Amino acid sequence: MKLPGSVHHTAGATAPPAALRTLLALAVVLVMLVITGWTSVHRPEAGISPRAAALSAWALARIDGRALPAADAPAAAVSRFFAGLDGAQRARLADGYPLVVGNLDGVPATTRYRANLRSLDQARRVEEVRSRDVALTPADRATALRRAHRLESLAEPGRQILLFDPTGDGLVAEVFGDLDRARRVSVVVPGVDTDLLTFERTQRSLTAPAGMAHSLYEAERASAPDSRTAVIAWAGYTAPTGVGMDAATGKLAVEGSVRLRALTTALPGQSSVALFCHSYGSVVCGVAAHELPPRVTDVVVAGSPGMRVSNAAELHTPARVWAMRDSGDWIADVPHLELGGLGHGADPVSPDFGARLLSSAGARNHTGYFEPGTASLDNFAKIGTGAFGSVVCVTGDDACRHGVSGD
């Protein structure tokens, strides 16, 4: 008996309608994706990121009837808006829109610290859930657990997180010292393999941005105890992974330079700024140099593969340009040239480049420049505190101090 509307299949019957075949195929694909864990692994990339969702909500929000500034508004406009809020209103925005407020140039530093503390806690809980998700691969669960531990560490009491974005490999920046009261601010700009997970390290801590910045801050305090300084560990750009094509080109440096200019422009008060640019970070600083604000008085590069110019004059910056490289640094073997977009130009420590050449005595290899007891860290601290008259030149004379007065 054949029911109305049914399909009676026989050996010679035709195949199911195209629509039915499509539905069956989609069902099979969905089952396969669930079994393999693909839907769990790729969900963050396939959907809207938490920060994108936060930006959408921010665009529609108001506080006590007042519209909020656009997330891409100039830092000065954002600063004026927040200056017109009381403490309770700032706290409400930080708690309600932490992924926006914590990354918004012009927001008071203490308000950003509060917002990022909340964002770190939210992101940690997400990673903890992922670390127990059996639909993920063991490797992905392990990575989630590592991220959860890193987020927990960053949220420890007393830490001042100026920037935090969990999207992708993550962006983060941390402040050591009182940023609002500082007369001089030092910014550590790191190189390859810098992300949320590598922002700090338990072993070899001085090879990670947080360890570098903390070491510099302690050296500045020891060098000039009465000087009001602050140091920022800035992993606020997408750095190359490994020494591959990204590290050999300027694409990521160009993107990073935009963020570096925004950071230095938006710092509170009238503090002067010195940049300490390590490895690929010096490429970022070189690309940014011509558009840095006048408050950036010094650009110091260590272990540099080049700054994408032929000489210091081509940086078109009024800032003093300093350079150093340890004798055992492998970066010396990298060809210092630029051809078809590959390579980063002349060697900043070559005499013809025109940088002020600093001693790095005691530093070992490519990652030892921030080690206590080295001439490199001592020179960093003197530049960071403005004691230019006592920096040690690589030649042992006063060549690098020519035309520079003391504090």
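The following paragraphs examine the structure supplied in this document. (Residues numbered from 1 in each chain as written. Predicted model: local features only at pLDDT ≥ 70, side-chain atom pairs only at ≥ 80, totals over all residues. Heavy atoms only, no water.)

## Brief notes about the nonpolar core
Step number 1: Core analysis: the largest hydrophobic core is formed by 47 residues, its most contacted members being Leu179, Ile232, Leu275 and Val299.
Step number 2: Among the elements that make up this core, the one with the highest residue count is helix α13 (residues 280–288) (6 residues).
Step number 3: In terms of nonpolar packing, the next biggest core, distinct from the first, is built from 39 residues, Phe199, Ala210, Ala219 and Ala235 among them. (Core = buried A, V, L, I, M, F, W, Y, C linked by side-chain atoms within 4.5 Å. Buried < 20%, exposed > 50% of the residue type's maximum accessible area, 1.4 Å probe, protein only. Helix = DSSP H or I, 4+ residues; strand = E, 2+ residues; numbered from the N terminus.)

## Examining the pattern of salt bridges
Step number 1: All told, the structure shown has 19 salt bridges when counted by the stated rule.
Step number 2: Between Asp121 and Arg124 there is a salt bridge; the shortest N-O distance is 2.5 Å. Of this pair, Asp121 and Arg124 are both found in helix α8 (residues 109–131), 3 residues apart, which corresponds to roughly one turn of the helix.
Step number 3: With a closest N to O distance of 3.6 Å, Arg221 and Glu218 form a salt bridge. One end of the pair is Arg221 and the other is Glu218, both in helix α10 (residues 209–223) and 3 residues apart, which spans about a single turn. (Salt bridge = Lys/Arg side-chain N within 4 Å of Asp/Glu carboxyl O.)

## Points about the sheet that holds strand β3 (residues 160–165)
Step number 1: With mixed pairing, 8 strands are arranged side by side in an open sheet as β3-β4-β6-β5-β7-β8-β9-β10. A strand with exactly one partner marks an edge of an open sheet, and here the two such strands are β3 and β10 (356–357).
Step number 2: Taken together, the 5 bridges between β3 and strand β4 (residues 171–177) define a ladder with antiparallel strand orientation. Directly across from Phe164, in β4, lies its bridge partner Val172.
Step number 3: Across the face of the sheet, α13 comes into contact with β5 (184–189), β7 (272–278) and β8 (296–302) while running at roughly 135° to β7. (Pairing = 2+ DSSP bridges. Contact = heavy atoms within 4.5 Å. Axes fitted to C-alpha atoms, helices over the stretch in contact; angles between N-to-C directions.)

## As for helix α12 (residues 251–266)
Along an α-helix, residues three or four apart share an orientation, since each turn contains 3.6 residues.
Step number 1: Between its first and last C-alpha, α12 extends 24 Å over 16 residues, near the 22 Å set by a 1.5 Å rise per residue.
Step number 2: Taken together, the buried positions of α12 are Leu252, Ala253, Gly256, Ser257, Leu260, Arg261, Leu263, Thr264 and Ala266. (Expected span 1.5 Å × (residues − 1).)

## Let's talk about the packing of aromatic side chains
Step number 1: Evaluation of the coordinates by the stated rule reveals 6 aromatic pairs.
Step number 2: Arranged with centres 5.5 Å apart and planes meeting at 80°, the rings of Trp58 and Tyr97 form a pair that is edge-to-face. Here Tyr97 lies in the loop between α6 (87–96) and α7 (98–101) and Trp58 lies in helix α4 (residues 50–60), a separation of 39 residues in the sequence.
Step number 3: Judged by its relative accessible area of 2%, Trp58 falls in the buried class.
Step number 4: Judged by relative accessible area, Tyr97 falls into the partly exposed class, the value being 22%.
Step number 5: Clustering of aromatic rings is evident, with ring pairs tying together Phe276, Phe370 and Phe380.
Step number 6: Cation over ring: Arg356 sits above Trp322, and NZ or CZ is 5.7 Å from the ring centre. (Phe/Tyr/Trp six-rings, centres within 6.5 Å; stacked < 30°, edge-to-face > 60°. Lys NZ or Arg CZ within 6 Å of the ring centre and 35° of its normal.)

## Overview of the state of the cysteines
As used here, a disulfide is simply a covalent bond connecting the sulfur atoms of two cysteines.
Step number 1: In the structure shown here, the tally under the stated rule is 2 disulfides.
Step number 2: In this model, Cys393 is linked to Cys400 through a disulfide, with the two sulfur atoms separated by 2.0 Å. Measuring handedness by torsion sign, the sulfur bridge of Cys393 and Cys400 sits at about -85° and is left-handed.
Step number 3: Judged by its relative accessible area of 3%, Cys393 falls in the buried class.
Step number 4: Counting only the cysteines that take part in disulfides, in the order they occur along the chain, gives the pairing 1-2, 3-4. (Disulfide = S-S within 2.5 Å.)

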